[in-house]
Amino acid sequence: LTRKIGLSAPTGFWQLVMGLWLIEFKKKYPGIILDVRLENFIDNLVKDGVDVAIRVTPEPPPMVVARDLGPVHYTLCASSEWASRHRLPQAPAELRHTPIITSGGVSGRVHMIATQNSQEEEIDFIPTLMSRSYPFVLDCILSGIGVGLVPDYVIRPRLQTGEVVQVLAKYQFSIDRNHIYMMYMPNRYQSRATITFIDFLTDKMGLQRMVRKSGV
């Protein structure tokens, strides 16, 4: 019986969300071995030893089985210090002229979708700073060098303490319409341990258990 799970997840999501879940999983199933890899690239899923991968992407690649865990919602925010010294943006279009710190985007540009009352406004802009290191992005936001645009789960604790204030709170933001996906290869045997982990993670994400079909 295979009791080892190869798991791959993006560094930021792992550090801020999944880490505590995996500790809980290990306490509940101490006999299951976890091989955790922190990486952000989809093509690494095809390597041997990765049973389950968590990825943030607009659309999963066609060669994998992907379970949509939901859209990534972003929060626009600024440190209290920055907000005291600058006029906060009053409309999404003003973000083109605002120094934005973000964790998303490719090729030096960000494609953002702002939604209010089911009305969408799409905006492209060049951020003043962009990094996939969430600790560094948080430091930059708190230091007051610009307005942050980061996933909700990154900034929520800081909003609760009052270290940062929300900007354009009436809008919902997304970047490239990104979703979080749980992926695995269709031709890779799923052990009972892997199925147990998939069910556990699905429950943690507040979803119904996966419907496993023959051959999937």
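Structural data are supplied above this passage.
Everything quoted here is computed from the prediction, not taken from an experiment.

**Q** Describe the nonpolar core, with residues and values.
**A** Generally speaking, soluble globular proteins have nonpolar side chains that are buried together. Judged by nonpolar contacts, the single largest core of 53 residues is most densely connected at Met18, Ile54, Leu76, Met112, Leu149, Phe173 and Phe197. Sequence-distant contacts of Met112, defined by excluding residues within four places in its chain, comprise Leu95, Glu121, Glu122, Ile123, Phe125, Leu149, Phe173 and Ser174.

**Q** Could you give me a rundown of the pairing of strand S1 (residues 4-9), with the residues and numbers involved?
**A** In terms of burial, S1 is a largely internal element, five of the six residues being buried. The pairing of S1 with strand S2 (residues 33-38) spans six bridges and is classified as parallel. The residue of S2 that forms the bridge with Ala9 is Leu38. Read from S1 through helix H1 (residues 11-28) to S2, the crossover connection turns out right-handed. Note: S1 against strand S3 (residues 52-57), two bridges, orientation parallel. Across the sheet, Ser8 pairs through a bridge with Ala53, a residue of S3.

**Q** Kindly report on helix H5 (residues 192-204), identifying the contributing residues and their values.
**A** With 13 residues, H5 should cover 18 Å at 1.5 Å per step; its first-to-last C-alpha distance of 18 Å lies within 8% of that length. Residues of H5 that are buried include every one of Ala193, Thr194, Phe197, Ile198, Asp199, Phe200, Leu201 and Thr202, and no others. Buried residues along H5 sit in contact with S1, H1, S3, strand S4 (65-71) and strand S13 (179-184).

**Q** Would you mind going over the packing of aromatic side chains in detail, with residue names and values included?
**A** Applying the stated criterion to the full structure yields six aromatic pairs. With a centroid separation of 4.9 Å and an interplanar angle of 45°, the aromatic rings of Phe25 and Tyr29 are classed as tilted. Accessibility expressed as a relative area gives 0% for Phe25, which makes it buried. When the centroid spacing of 5.1 Å and the interplanar angle of 65° are considered together, the rings of Phe25 and Phe200 count as edge-to-face. Of this pair, Phe25 sits in helix H1 while Phe200 sits in helix H5, and the two are 175 residues apart along the sequence. With relative accessibility at 9%, the residue Phe200 sits in the buried group.

How each quantity is defined
- Residues numbered from 1 in each chain as written.
- Predicted model: local features only at pLDDT ≥ 70, side-chain atom pairs only at ≥ 80, totals over all residues.
- Heavy atoms only, no water.
- Core = buried A, V, L, I, M, F, W, Y, C linked by side-chain atoms within 4.5 Å.
- Buried < 20%, exposed > 50% of the residue type's maximum accessible area, 1.4 Å probe, protein only.
- Contact = heavy atoms within 4.5 Å.
- Helix = DSSP H or I, 4+ residues; strand = E, 2+ residues; numbered from the N terminus.
- Pairing = 2+ DSSP bridges.
- Right-handed = clockwise from strand over helix to strand, strands pointing away.
- Expected span 1.5 Å × (residues − 1).
- Phe/Tyr/Trp six-rings, centres within 6.5 Å; stacked < 30°, edge-to-face > 60°.

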